[in-house]
Amino acid sequence: MSTGGTSTGSTSTGSTARGGVEDHVEIQQLLARYAVTITRGDIDGLLGVFTPDGTYSAFGDTYRLDEFPELVEAAPKGLFLTGTAAVEIDGDTATGTQPLCFVDHSTHEMRIGYYNDTYARTGDGWRLRTRAMTFIRRSGAHDSGRPHAHRRAGA
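A brief report on the enclosed structure follows. Computed from a predicted structure; not experimentally measured. (Residues numbered from 1 in each chain as written. Predicted model: local features only at pLDDT ≥ 70, side-chain atom pairs only at ≥ 80, totals over all residues. Heavy atoms only, no water.)

Glancing now at the environment of threonine 122. Relative to the elements of secondary structure, threonine 122 occurs in strand S6 (residues 110–122). By relative accessible area, threonine 122 is classed as partly exposed at 30%. Look past the residues within four positions of threonine 122 in its chain and what remains in contact with it is Thr51 and Arg127. At 3.0 Å, the side chain of threonine 122 and the backbone nitrogen of aspartate 124 are in polar contact. Within the local environment of threonine 122, its side chain forms a polar contact with the backbone oxygen of glycine 125, the two atoms lying 2.6 Å apart. (Helix = DSSP H or I, 4+ residues; strand = E, 2+ residues; numbered from the N terminus. Buried < 20%, exposed > 50% of the residue type's maximum accessible area, 1.4 Å probe, protein only. Contact = heavy atoms within 4.5 Å. Polar contact = N/O pair within 3.5 Å; in protein donor to acceptor, adjacent residues only side chain to side chain.)

Written as structure tokens, this is what we have:
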């Protein structure tokens, strides 16, 4: 069925080459690497999915990449189950939202929520620039979480 416009993989500028299926697949694989590396405790792999200026926001704060090793060490361990992200590509940048279910390895308790992301096309391919966690509470509230066990130097 023709819509008379650009293909469904096009960006807001109408370019299918820059925002097509290949870009979406690459971003989905990037997000899969995030989930697998953090589940395995692979800090180097986790850092590799971000741009050098990348950040992660949760627990009422925003963390730079140099803070990730300590942040991940302080976090509960378990399985990060992520769903397919809804991604909007605009040239060399993109935004997306990805659902998450985290299962604690020792208790099998779950935390659910979603990530709000920004992405950038780099010389090494698509990378996360920002990732912000929103938790969904039993009450139905959506929030960035309680303060984390990780405390910044000087805090």
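That shown, we press on.
Remark: a regular strand shows side chains that alternate across the two faces of the sheet. Direction of pairing for strand S1 (residues 50–58) relative to strand S2 (residues 61–64): antiparallel, over a ladder of four bridges. Note that in S2 the partner of threonine 55 across the bridge is arginine 64. What sits between the antiparallel neighbours S1 and S2 is a turn of two residues, in which phenylalanine 59 has the positive phi angle 60°. (Pairing = 2+ DSSP bridges.)

Now for the nonpolar core. Ranked by size, the top nonpolar core spans 31 residues in total, and within it Ile27, Tyr34, Phe50, Tyr56, Tyr119 and Leu128 carry the most contacts. Contributing elements (two or more residues each) for this core: helix H1 (21–40), helix H2 (43–47), S1, helix H3 (68–74), strand S4 (86–90), strand S5 (93–104), S6 and strand S7 (125–136). A total of six residues in this core trace back to one element, the largest contributor, which is H1. If sequence neighbours within four positions are ignored, leucine 128 has contacts with Leu30, Leu31, Tyr34, Val49, Phe50, Thr51, Asp117, Thr118 and Tyr119. (Core = buried A, V, L, I, M, F, W, Y, C linked by side-chain atoms within 4.5 Å.)

This part is about the packing of aromatic side chains. Evaluation of the coordinates by the stated rule reveals six aromatic pairs. Geometrically, the ring pair formed by phenylalanine 59 and phenylalanine 135 is tilted, given 5.8 Å between the ring centres and 40° between the ring planes. Taken as a pair, phenylalanine 59 in the loop between S1 and S2 and phenylalanine 135 in strand S7 lie far apart in primary sequence, 76 residues in all. Judged on exposure class, the residue phenylalanine 59 and its partner phenylalanine 135 are both buried. Grouped by ring-pair contacts, the aromatic residues Tyr34, Phe50, Tyr56, Phe68 and Tyr115 constitute a single cluster. Just above the ring of tyrosine 34 sits the side chain of arginine 131; from NZ or CZ to the centre is 4.3 Å. The cationic tip of arginine 131 hangs over the ring face of tyrosine 115; the distance from NZ or CZ to the ring centre is 3.7 Å. (Phe/Tyr/Trp six-rings, centres within 6.5 Å; stacked < 30°, edge-to-face > 60°. Lys NZ or Arg CZ within 6 Å of the ring centre and 35° of its normal.)

Right, let's get into the environment of arginine 129. Turning to its location among the elements, arginine 129 is positioned in strand S7. Sequence separation of arginine 129 and tyrosine 119 is 10 residues, and the distance between their C-alpha atoms is 5.1 Å. Other than its neighbours up to four places away in sequence, arginine 129 contacts Thr51, Asp53, Gly54, Thr55, Thr118, Tyr119 and Ala120.

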